[in-house]
Amino acid sequence: MQPPFPFDNSYARLPARFFARLPPTPVSGPSLIRVNGPLARDLALDPAWLASGEGVAVLAGNRVPEGAEPIATAYAGHQFGHFVPQLGDGRALLLGEVVGRDGARRDIQLKGAGPTPFSRAGDGRAALGPVLREYLVSEAMAALGIPTTRALAAVATGERVIRESVLPGAVLTRVAASHIRVGTFQFFAARGDTEGLRALADHVIARHDPEAGAAEAPYRALLDGVIARQADLVARWLLVGFVHGVMNTDNMSVAGETIDYGPCAFLDTYDPKTAFSSIDRHGRYAYGNQPRIALWNLTRLAEALLPLLADDEAAAVAEAEAALGGFAPRFEAAYHEGLNRKLGLATRREGDSDLASDLLALMAENQADFTLTFRRLGEAAAGPGAGEPVRSLFVDPTAFDGWALRWRERLAAEARDPSATAAAMRAANPAFIPRNHRVEEMIEAAVERSDFAPFENLLRVLSRPYDDQPAGARYAEPPEGGGAGYRTFCGT
Ligand code: AMP
Ligand code: MG
């Protein structure tokens, strides 16, 4: 019989100092919460087997499947600006890699699988609430079309974890293009381990930047690739109102996927200073700071790569600076192109950036809901008579009117059929995002009452974020009071 996971574990073939080998720690009462059927099929895995007793034993860490080579990977990282030379997978184990139906290689990782040599004071476990949050928000991001790690399954452990209170435990099966972070490079750089650094860079080139391998300067091309992916990713975040919340260098994937959904949250009311995380007291990772922080993190990556960029240091620094100089134009292009799509503009003209920035400034002044404003703007594209639903989102609706005149003039220059504009805007502006109050409500139902219906319902609606779904109307509405003061907590 064919093994359930056709593993091919390239990371486990890297030198021994890249990771610690150990099996997951079994749990006492595993039970299935959910298997992600469509994702399983994309990975050429059998969802029915995953949901079986044997499958759940694997997903809970009670059984190591054939072909798996469980490892906890080593990495370092800057946390809130402070360098920690050793972090590593403290509660996650990479079971191995599979090649999906699309030919792409992906990691299968158990998050919450028990302590590892990198756990420090932690228990190696995950609580149910954060597991459901990550499952839901990462799948919502995927449905929005934003590069992200995915959730293949969630299981309850039947055990309790102790945080500020005693909570039910769970394990998330996370799927990623890889789990290699900026901090993985920093781990080797901090040790002066240039051989390790080179082996890691070669691995990443083979996996994420095959064209860089053929370039004249492969490591510079690798750095360019990571910078471009990250610039595009952060632009995509801003365009849907996503606040990552903990953009430490160990939480930034070199594959360009959104990773680590601890304290993340979406904007309700538009305010670029929004930082939801309770530990982000100075707003380092606030919504509007994310491009700057991405560049800061990429600068740490460039520093780590210096020994590979050129033989002499001055030349290496010049290469790093040239690569980092590519971030801003790449980000600006992706962001403004995305804003144009949100405004229903298929072409780009001088003045478009101002048009978009002026709307955002008015939204901030008038406490307009980010997601609803753009969605209703799409409805308003039908003609001036259809503008009331969007203008009513502004504390002072007349502030919107002046801007709308300019917008309609600009739309007219596109000479596109209004219904085509409206359709394009629907495809660019989601109706449904994981609203914080709905995510909290879903977690409370599961944790307090073992009621997973809100999780399933929310997941279903968020799997089609751009479709009008009248039955899901309550999930499109902002919270009472615009969500001011909402706080998130690291899911550790
Ligand atoms: P995070 O804030 O989730 O990005 O995690 C930062 C570091 O803390 C990583 O090295 C994690 O593996 C580790 N960590 C987080 N939670 C736990 C836990 N419950 N047990 C052990 N290590 C943890
Ligand atoms: Mg992390």
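What you see is a predicted model, and the numbers here were worked out from it, not measured in a lab.

Calculation notes
Residues numbered from 1 in each chain as written. Chains lettered and ligands numbered in written order. Predicted model: local features only at pLDDT ≥ 70, side-chain atom pairs only at ≥ 80, totals over all residues. Heavy atoms only, no water. Near = heavy atom within 4 Å. Polar contact = N/O pair within 3.5 Å; in protein donor to acceptor, adjacent residues only side chain to side chain. Areas by Shrake-Rupley, 256 points an atom, 1.4 Å probe, with all protein chains shown as cover. Nonpolar A, V, L, I, M, F, W, Y, C, P; charged D, E, K, R; others polar. Salt bridge = Lys/Arg side-chain N within 4 Å of Asp/Glu carboxyl O. Helix = DSSP H or I, 4+ residues; strand = E, 2+ residues; numbered from the N terminus. Buried < 20%, exposed > 50% of the residue type's maximum accessible area, 1.4 Å probe, protein only. Donors = N, O, S within 2.8 Å, 3.2 Å for Na, K, Ca; no water. Axes fitted to C-alpha atoms, helices over the stretch in contact; angles between N-to-C directions. Parallel < 35°, antiparallel > 145°, perpendicular 65-115°, else oblique. Contact = heavy atoms within 4.5 Å. Left-handed = near helix turned anticlockwise from the far one by under 90°. Expected span 1.5 Å × (residues − 1). Core = buried A, V, L, I, M, F, W, Y, C linked by side-chain atoms within 4.5 Å.

Participant: Help me understand the site of ligand 1 in this model?
Facilitator: The local shell around ligand 1 holds 18 residues, among which G88, G90, G124, N251 and D260 are the closest. A distance of 2.9 Å is found between a nitrogen atom of ligand 1 and a backbone nitrogen or oxygen belonging to G124. A distance of 2.9 Å separates an oxygen atom of ligand 1 from a polar side-chain atom of D260. Contact with the protein chains covers 88% of the free accessible surface of ligand 1, which is 480 Å². Residue composition of the shell around ligand 1, by class: 2 nonpolar, 8 polar and 8 charged.

Participant: Looking at this structure, how should I read the pattern of salt bridges?
Facilitator: Note that side chains of opposite charge can pair when their charged atoms are close. As enumerated under the stated definition, the model contains 36 salt bridges in all. Put simply, R105 and E97 hold a salt bridge, and the shortest N to O gap is 2.8 Å. For R438, the salt bridge goes to E441, with nearest N and O atoms at 2.7 Å. Highlighted residues: R438 and E441, both in helix α17 (residues 436–449), separated by 3 residues, approximately one helical turn. For R438, a relative accessible area of 13% translates into the label buried. Relative accessible area serves as the criterion here: at 30%, E441 is assigned to the partly exposed category.

Participant: Where do I start with unusual backbone geometry in this structure?
Facilitator: Peptide bonds are, in most cases, trans, and in most cases residues other than glycine have a negative phi. In this structure, Q367 takes a positive phi of about 50° despite not being glycine. Relative to the assigned elements, Q367 resides in the loop between α12 (352–365) and α13 (370–380). For A415, which is not a glycine, the phi torsion comes out positive at approximately 50°. Mapped onto the secondary structure, A415 falls in the loop between α15 (397–414) and α16 (418–428). For A415, a relative accessible area of 70% puts it in the exposed group.

Participant: I would appreciate a short explanation of the coordination of the magnesium ion (ligand 2) in the present structure.
Facilitator: Think of it this way: four donors in a tetrahedron around the metal ideally sit 109.5 degrees apart, and six in an octahedron ideally sit 90 or 180 degrees apart. Surrounding the magnesium ion (ligand 2) are the protein donor atoms N251 (OD1) and D260 (OD), which sit 2.1 Å from the metal. The exposure class of N251 is buried, given its relative accessible area of 9%.

Participant: Help me out: how do you make sense of the packing of helix α11 (residues 327–342) against α12 in this one?
Facilitator: The axes of two packed helices give the description: the angle between them and the distance between them. At a closest axis distance of 10 Å, the pairing of α11 and α12 adopts a crossing angle of 75°. In terms of their interaxial angle, α11 and α12 are classed as roughly perpendicular. Where α11 approaches α12, its residues Y335, H336, L339 and N340 are matched on the opposing element by D352, S353, A356 and L360. Here the residues of the contact of α11 with α12 sort into 4 nonpolar, 3 polar and 1 charged.

Participant: Help me understand the side chain of T258, please; the structure alone is not making it clear to me.
Facilitator: Take T258: it is sitting in the loop between β11 (242–243) and β12 (265–266). For T258, a relative accessible area of 1% puts it in the buried group. Reaching out from T258, the side chain makes a polar contact with the side chain of W237 at a distance of 3.0 Å. When sequence neighbours within four positions are dropped, the list of residues in contact with T258 reads M141, I146, P147, T148, T149, L233, W237, F242 and H244.

Participant: How should the packing of α13 against α16 be read in this particular structure?
Facilitator: Running from N to C, α13 and α16 cross one another at 165°; their axes reach a closest spacing of 8 Å. It follows from the interaxial angle that α13 and α16 lie roughly antiparallel. Relative to α16, α13 is oriented so that their crossing is left-handed. Between α13 and α16, the contacting residues are F374, R375, L377 and G378 on the first element and A422, M425 and R426 on the second. Grouping the amino acids of the contact of α13 with α16 by side-chain chemistry returns 4 nonpolar, 1 polar and 2 charged.

Participant: What's the story with α17 in this structure? I'm lost.
Facilitator: An α-helical segment advances 3.6 residues per turn. Residues three or four places apart therefore align on the same side. Here α17 is 14 residues long and its end C-alpha atoms lie 19 Å apart, about the 20 Å a rise of 1.5 Å per residue gives. Along α17, the positions that sit buried rather than exposed are N436, R438, V439, M442, I443, A445 and A446. Here the buried face of α17 lies against α4 (128–144), β12, α18 (453–462) and α19 (473–476). Remark: S450 follows α17 within two positions and exhibits a positive phi of approximately 50°.

Participant: I'm lost on the nonpolar core in this one. Help?
Facilitator: Among the nonpolar cores identified, the biggest contains 126 residues, and I108, F185, L343, L377, W403 and W407 are the most heavily contacted of them. Looking at which element gives the most residues to this core, the answer is helix α8 (residues 218–240), with 13 residues. Leaving out residues up to four positions away in the same chain, L343 has contacts with L355, A356, L359, F374, L377, W403, W407, L411 and M425.

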